[in-house]
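Residue strings, one per chain:
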Amino acid sequence: MTNTKPLTRRALRQSLRAQRNALSPGQQSEAARLLSEQIQSIMTQPNSTVAGYLANDGEIDLTPTIKGCQQNGVVTLPVLHPFTGKHLLFQTFTEQTEMTLNRFGISEPALNSTAIRLLSQHHLLLMPLVGFDAQGNRLGMGGGFYDRTLANINALKNRPTLVGVAHDCQQVDELPVEPWDVPLDLIVTPTQIISTR
Ligand SMILES: Nc1ncnc2c1ncn2[C@@H]1O[C@H](COP(=O)(O)OP(=O)(O)OP(=O)(O)O)[C@@H](O)[C@H]1O
Ligand SMILES: [Mg+2]
């Protein structure tokens with residue numbers, strides 16, 4: 001008998017995380033290379049400010065993407081907000097940036113107020129995800145950090161394009177969505193560029 005009951009967010013996270021963690025090092029590096037080419041193809045202007053992330057838990061690796069974006073603009077990385085601990089700040093990232101481990105054991109730029117860039121100063125926000133669907137819904141790791149940080153994104157006069165980046169195996173037909181989930185404008189994988197507008 002097939003189980004037609006939709007998976008809960010928790011069960012979906014578990015199975016999608018297992019799938020991306022099962023990718024071989026060779027598959028990961030090929031995915032990273034292809035993703036970098038895809039991101040270069042959507043960069044419309046020189047001197048773009050692009051938020052990235054350092055991959056963790058089988059997430060698609062942005063190392064080649066970050067190097068490419070740094071050649072022609074500015075790259076920032078998320079930093080846990082020092083006061084709320086529940087929001088993200090974005091700080092410029094170069095080879096000289098001093099890094100530190102945050103409370104989740106993830107490397108992030110050491111807090112430096114002069115290196116913080118506002119959301120409205122970004123052109124692209126590259127967001128990691130656990131799952132996505134072609135409608136632009138995004139399932140993260142479950143912390144709500146991106147959702148909280150982006151809750152008022154549509155009130156900005158200049159807002160970045162929200163780009164979910166992922167392995168192709170992270171796609172599902174239809175994600176369960178909660179009212180606070182902020183949808184993606186674009187999804188980029190090694191083989192697809194999906195515009196949801
Ligand atoms: N705008 C918000 N304001 C307050 N709490 C929020 C907001 N958005 C999300 N949360 C809280 O965060 C929790 C986790 O949200 P959710 O399951 O959507 O995480 P996620 O999208 O997987 O994580 P992330 O955004 O870090 O990728 C929710 O239970 C909710 O209580
Ligand atoms: Mg969410």
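The rules behind the values
Residues numbered from 1 in each chain as written. Chains lettered and ligands numbered in written order. Predicted model: local features only at pLDDT ≥ 70, side-chain atom pairs only at ≥ 80, totals over all residues. Heavy atoms only, no water. Donors = N, O, S within 2.8 Å, 3.2 Å for Na, K, Ca; no water. Helix = DSSP H or I, 4+ residues; strand = E, 2+ residues; numbered from the N terminus. Buried < 20%, exposed > 50% of the residue type's maximum accessible area, 1.4 Å probe, protein only. Near = heavy atom within 4 Å. Polar contact = N/O pair within 3.5 Å; in protein donor to acceptor, adjacent residues only side chain to side chain. Nonpolar A, V, L, I, M, F, W, Y, C, P; charged D, E, K, R; others polar. Axes fitted to C-alpha atoms, helices over the stretch in contact; angles between N-to-C directions. Left-handed = near helix turned anticlockwise from the far one by under 90°. Contact = heavy atoms within 4.5 Å. Pairing = 2+ DSSP bridges.

Draft legend 1. Up close: the coordination of the magnesium ion (ligand 2). Of the protein atoms, only Asp147 (OD) and Asp181 (OD) coordinate the magnesium ion (ligand 2), at distances of 2.0 Å. Separated by 34 residues along the polypeptide, Asp147 in helix H4 (residues 145-149) and Asp181 in the loop between strand S10 (161-165) and strand S11 (186-188) bring together distant segments of the chain. When sorted by exposure, Asp147 lands in the same class as Asp181, which is buried.

Draft legend 2. Layout of the site of ligand 1. The environment of ligand 1 is formed by 15 residues, the closest being Arg138, Gly142, Phe145, Asp147 and Trp180. Gly143 is positioned with one of its backbone polar atoms (N or O) 3.5 Å from an oxygen atom of ligand 1. Within the side chain of Arg148, a nitrogen or oxygen atom sits 3.3 Å from an oxygen atom of ligand 1. Mapped onto the shell around ligand 1, the elements with two or more residues apiece are helix H1 (9-21) and H4. In terms of residue count, the dominant contributor to the shell around ligand 1 is H4 (four residues). Considering only residue class, the shell around ligand 1 consists of five nonpolar, four polar and six charged.

Draft legend 3. The packing of helix H2 (residues 25-42) against helix H3 (residues 63-71), seen in detail. For the pair H2 and H3, the least separation of the axes is 7 Å and the interaxial angle reads 35°. Considering how the two elements wind past one another, H2 and H3 form a crossing that is right-handed. Contacts between H2 and H3 involve Ala32, Arg33, Leu35, Ser36, Ile39 and Gln40 on the former and, on the latter, Pro64, Thr65, Gly68 and Cys69. Its residues placed into classes, the contact of H2 with H3 shows five nonpolar, four polar and one charged.

Draft legend 4. Molecular detail of the sheet that holds strand S1 (residues 48-51). The mixed open sheet is built from eight strands, whose spatial order is S6-S3-S2-S1-S7-S10-S11-S12. Only two strands of the sheet have a single neighbouring strand rather than two, namely strand S6 (116-117) and strand S12 (193-195). Across five bridges, the pairing between strand S2 (residues 73-80) and strand S3 (residues 88-92) is antiparallel. Bridge assignment links Thr76 to a residue of S3, and that residue is Thr92. Where H2 meets the sheet, its contacts fall on strand S7 (124-127), S10, S11 and S12, and the angle it forms with S11 comes to roughly 145°. Strands in contact with H3 are S1, S2 and S7; relative to S2, the strand with the most contacts, it is inclined by about 130°.

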